[in-house]
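# Geometric and topological summary
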Amino acid sequence: MHRLAIRYVERYATSRKKLADYLQRKIHEREWQDEAPPAVEQLVERFVEQGYIDDALYAQTKAASLTRRGYGTRRVSHALYQAGISEADGREAFQNSEANKWAAADKFARKRKIGCYAESQQDADKCRKQLQAFLRAGHDFDLASRFVFARPGEEITVED
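Residues numbered from 1 in each chain as written. Predicted model: local features only at pLDDT ≥ 70, side-chain atom pairs only at ≥ 80, totals over all residues. Heavy atoms only, no water.

A separate point is the side chain of Q130. Mapped onto the fold, Q130 is located in helix α8 (residues 124–136). For Q130, a relative accessible area of 8% puts it in the buried group. In contact with Q130, other than residues within four places in its own chain, are K113, I114, G115, Q122 and V148. (Helix = DSSP H or I, 4+ residues; strand = E, 2+ residues; numbered from the N terminus. Buried < 20%, exposed > 50% of the residue type's maximum accessible area, 1.4 Å probe, protein only. Contact = heavy atoms within 4.5 Å.)

Written as structure tokens, this is what we have:
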């Protein structure tokens, strides 16, 4: 099991929960036969002590990656929750995501050619779908609507 964990950690950036879930899945797949269950939590804790796993660093990296790709704070928060990141470990990552929410929304609009980046004015149905896409990407309604309902070529500025 130690070899599986080492292999996983060397290939992927991971959190405590993700490593524990991976090891549990491998135990289930290989149909563990011993009477005593494997010590997954102790192995994960040992990896944390040795510095192979750092949830705070993982949270910052994951949040920065999602923000650069144009995802909003709700999506970042959900990804950190899914990875089992505690509130304390994810606080700084979430704050960075919150600080860069306008840049993320701008990136999302540019990638999808929404609002001011569209080639022509969109009809109401298309705007509704674009607004839904913005919301699914984790952006708040006010920010999303500023981009979606902007005219092509209109400049959108950051509001404090």
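There is more to say after this.
Right, let's talk about the nonpolar core for a bit. The biggest cluster of nonpolar side chains holds 27 residues, and the ones touching the most others in it are L80, I85, F108, I114, F134, F147 and V148. If you look at the next biggest cluster of nonpolar residues, it comprises 13 residues, including A20, L23, V44 and F47. (Core = buried A, V, L, I, M, F, W, Y, C linked by side-chain atoms within 4.5 Å.)

A separate point is the pattern of salt bridges. Tallied over the full model, the rule gives 12 salt bridges. One salt bridge in this structure joins E45 and R16, with 2.8 Å as the shortest N-O distance. Of this pair, E45 sits in helix α3 (residues 40–49) while R16 sits in helix α2 (residues 16–29), and the two are 29 residues apart along the sequence. With a relative accessible area of 32%, E45 lands in the partly exposed category. By relative accessible area, R16 is classed as partly exposed at 31%. One salt bridge connects D55 with R16, and the closest N-O pair in it is separated by 3.6 Å. In this pair, D55 is assigned in helix α4 (residues 55–68) and R16 in helix α2, connecting sequence segments 39 residues apart. Where salt bridges share partners, they join R16, E45 and D55 into one cluster. (Salt bridge = Lys/Arg side-chain N within 4 Å of Asp/Glu carboxyl O.)

A few words now on unusual backbone geometry. At K113, a residue that is not glycine, the phi angle is positive and equals roughly 55 degrees. Among the structural elements, K113 can be located in the loop between α7 (101–112) and α8.

Let us look at the packing of helix α1 (residues 2–11) against α2. The contact between α1 and α2 brings their axes to 10 Å, and the two run at 135 degrees. Between α1 and α2, the angle falls in the class oblique. The hand of the α1/α2 crossing is right-handed. Where α1 approaches α2, its residues L4, A5, Y8 and V9 are matched on the opposing element by K18, L19, Y22, L23 and K26. Here the contact of α1 with α2 is composed, by residue class, of seven nonpolar, no polar and two charged. (Axes fitted to C-alpha atoms, helices over the stretch in contact; angles between N-to-C directions. Parallel < 35°, antiparallel > 145°, perpendicular 65-115°, else oblique. Left-handed = near helix turned anticlockwise from the far one by under 90°. Nonpolar A, V, L, I, M, F, W, Y, C, P; charged D, E, K, R; others polar.)

Purely spatial values, then, with no claim about function.
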